[in-house]
Amino acid sequence: DFPQAEDFSTPESAYAAINRVMASGSREGWIRVSAKATAERIAQSQQQDQQVPPEWAQGVMHAHILEVRIQGEQAMVIAALPQELSAQKIVNPIDARSLKREDGKWLNTGQDRFDTVEQAAEKFNRITARQDKTELAYKAAYNALDTFSPMAQELFDKLRSANYRHILSYY
């Protein structure tokens with residue numbers, strides 16, 4: 001139901017644009033719709049354009065968005081792949097597309113498939129919990145600069161004033 005124009009302003013519209021690229025199999029398309037780190041991995045890989053089976057392309061193009069989770073610069077679009085468009089049973093029919101906001105755009109960082117929405121949501125919770133923990137560690141280190149700066153200054157002063165000639169005379 002999304003317009004054909006690529007729009008990365010919301011996770012939902014980015015999901016639609018990314019699914020169009022997935023349906024096309026274009027390597028250059030994947031680079032264009034992916035976050036910098038992901039795009040660099042794709043660019044460095046030997047991956048080529050891929051032929052996507054028409055039935056699978058239709059399924060991806062008609063995925064039904066069930067839920068969108070956003071925390072900070074991370075998002076996950078959770079969608080159901082339509083079984084009725086596939087002659088074969090779709091294993092893990094819940095599509096979970098991870099996104100990252102870069103330069104004002106929601107861009108691809110990866111995809112997982114699950115049996116249930118709850119499994120996909122749990123994956124997002126694990127990702128964001130890990131990022132929260134890392135962010136807290138960075139903040140703690142930054143806040144500790146006032147403590148460590150004088151100690152570092154003292155160390156550098158001692159290194160500058162050390163008698164290296166005396167120390168080297170032992171060797």
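Scroll up a little and you will see the structure.
Residues numbered from 1 in each chain as written. Predicted model: local features only at pLDDT ≥ 70, side-chain atom pairs only at ≥ 80, totals over all residues. Heavy atoms only, no water.

Draft legend 1. Seen up close, the sheet that holds strand β3 (residues 94-102). Across the sheet, which stays open at both edges, the 4 strands sit in the order β1-β2-β3-β4 with antiparallel pairing between neighbours. Either end of the sheet is taken by a strand with one partner, and the two such strands are β1 (64-71) and β4 (105-114). When strand polarity is set aside, the average angle formed by the axes of neighbouring strands in this sheet is 20 degrees. Alignment of β1 against strand β2 (residues 74-80), held across 7 bridges, turns out to be antiparallel. Bridge pairing links R69 to M76 in β2. (Pairing = 2+ DSSP bridges. Helix = DSSP H or I, 4+ residues; strand = E, 2+ residues; numbered from the N terminus. Axes fitted to C-alpha atoms, helices over the stretch in contact; angles between N-to-C directions.)

Draft legend 2. Just the pattern of salt bridges, in detail. Summed over the entire model, instances satisfying the criterion amount to 10 salt bridges. Where E102 meets K100, a salt bridge forms, and the shortest distance between an N and an O atom there is 3.8 Å. For K100, a relative accessible area of 32% gives the class partly exposed. R160 is the partner of D157 in a salt bridge, and the nearest nitrogen-oxygen pair spans 3.0 Å. Of this pair, D157 and R160 both sit in helix α6 (residues 145-161), 3 residues apart, which is roughly one turn of the helix. (Salt bridge = Lys/Arg side-chain N within 4 Å of Asp/Glu carboxyl O. Buried < 20%, exposed > 50% of the residue type's maximum accessible area, 1.4 Å probe, protein only.)

Draft legend 3. A look at the environment of L85. Of note, L85 is situated in the loop between β2 and β3. Beyond its immediate stretch of four places on either side in the chain, L85 contacts E55, Q58, G59 and H62. (Contact = heavy atoms within 4.5 Å.)

Draft legend 4. The arrangement of the pairing of β2 in detail. Where burial is concerned, most of β2 is hidden: 6 out of the 7 residues are buried. Hairpin remark: β1 followed by β2, antiparallel, with 2 residues in the connecting loop; positive phi at G72, about 60 degrees.

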